[in-house]
Amino acid sequence: MGFITYVLVAGLALGTQNRFSPEILGIQASSALVWLIIEVLAVLLSLYLVTVNTDLTTIDLVAFSGYKYVGMIVGVVAGLLFGRTGYYLTLLWCCVSIFVFTIRTLRLKILSEAAAEGRLVRGAKNQLRMYLTMAIAAAQPVFMYWLTFHLVR
């Protein structure tokens, strides 16, 4: 739902700037979908390479990646209403929120193997898992900015 709403809000933003065309809307949707697929595949590959045993499925990763669309929608709408300053302030708030949310939720999922055993695992493997969690969380704001900066003028 967030993805479709993002595409519609992007069309609205482009329409208010007299840059709308059906082709551009299709390009916008295709671009966002391709970046979502690349992001999920990169996370799956990273989980495989780090050898993390987790109960995360591909659908879970798509859902976690989809949360960023809410912040993107709010940022673009704020940009339409309040200009670039409103866009950047709102997007900054949404980026910080998604970063914290992603770390707090994925930390539980990625480190669940150690938590299930009831012991605190220290060492290189646990540190690598934390770095992976931080990288996934840090990628969300990057994608949020990359997919919306051209919509607000």
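Since this is a predicted model, take the numbers as computed values, not measurements.

> I tried to follow the nonpolar core on my own but got confused; where do I start?
Soluble, globular proteins show a tendency: their nonpolar side chains are buried together. Within the largest apolar cluster, 23 residues are counted, with the highest numbers of intra-cluster contacts made by Tyr 6, Ala 32, Tyr 69, Met 72, Met 144 and Leu 151. For this core, the elements supplying multiple residues, two or more each, are helix 1 (2–16), helix 2 (22–49), helix 4 (68–110) and helix 6 (124–148). The dominant element in this core, judged by the number of residues it contributes, is helix 4, at nine residues. Ignoring any residue separated from it by four or fewer positions in sequence, one finds Ala 32 in contact with Phe 3, Tyr 6, Tyr 69 and Leu 147. With twelve residues, the next largest nonpolar core counts Leu 61, Phe 64, Ile 110 and Ile 136 among its residues.

> How should I be thinking about empty space enclosed by the protein in this particular structure?
Using a probe with the size of a water molecule, rolled over the atoms, empty space left in the structure can be pinpointed. Going through the model one piece at a time under the given rule, you end up with one cavity of 30 Å³ or more. Taken as a whole, the largest cavity spans an internal volume of roughly 60 Å³. Considering the residues around the largest cavity, the lining is formed by Glu 39, Val 43, Leu 61, Phe 64, Ser 65, Thr 102, Leu 106, Ile 136 and Gln 140. For the lining of the largest cavity, the secondary-structure elements that each account for two or more residues are helix 2, helix 3 (58–66), helix 4 and helix 6. Counting residues per element, the lining of the largest cavity draws most heavily on helix 3, at three residues. Split into classes, the residues belonging to the lining of the largest cavity amount to five nonpolar, three polar and one charged.

> Sorry, what's going on with helix 3 here?
Turn by turn, an α-helix covers 3.6 residues, leaving residues three or four places apart pointing in a common direction. Along helix 3, the positions that sit buried rather than exposed are Leu 61, Phe 64 and Ser 65. The buried residues of helix 3 all sit within an arc of 100 degrees when viewed along its axis, so they share a single face.

> Is there a simple way to explain the packing of aromatic side chains in this structure?
Think of a pair of aromatic rings as described by two things: how far the centres are apart, and how the planes are tilted against each other in angle. What the rule picks out here adds up to nine aromatic pairs. Ring geometry for Tyr 145 versus Phe 149: centroids 5.3 Å apart, planes at 20 degrees, classification stacked. On the basis of relative accessibility, which here comes to 35%, the residue Tyr 145 falls in the partly exposed class. Centre to centre, the rings of Trp 146 and Phe 149 are 5.7 Å apart; their planes meet at 45 degrees, and the pair counts as tilted. Judged by relative accessible area, which is 45%, Trp 146 ranks as partly exposed. An aromatic cluster is present here, built from Trp 35, Phe 143, Tyr 145, Trp 146 and Phe 149 joined pairwise through their rings. Across from the ring centre of Tyr 69, 5.4 Å away, lies the NZ or CZ of Lys 68, which sits over that ring.

What counts, and where the lines are drawn
Residues numbered from 1 in each chain as written. Predicted model: local features only at pLDDT ≥ 70, side-chain atom pairs only at ≥ 80, totals over all residues. Heavy atoms only, no water. Core = buried A, V, L, I, M, F, W, Y, C linked by side-chain atoms within 4.5 Å. Buried < 20%, exposed > 50% of the residue type's maximum accessible area, 1.4 Å probe, protein only. Helix = DSSP H or I, 4+ residues; strand = E, 2+ residues; numbered from the N terminus. Contact = heavy atoms within 4.5 Å. 1 Å grid on protein atoms, 1.4 Å probe; cavity = no way out; pocket = protein on both sides within 12 Å on 5 of 7 lines; lining within 4 Å. Points joined across faces, edges and corners; volume = space filled by probe spheres on them. Nonpolar A, V, L, I, M, F, W, Y, C, P; charged D, E, K, R; others polar. Arc of directions from axis to C-beta. Phe/Tyr/Trp six-rings, centres within 6.5 Å; stacked < 30°, edge-to-face > 60°. Lys NZ or Arg CZ within 6 Å of the ring centre and 35° of its normal.

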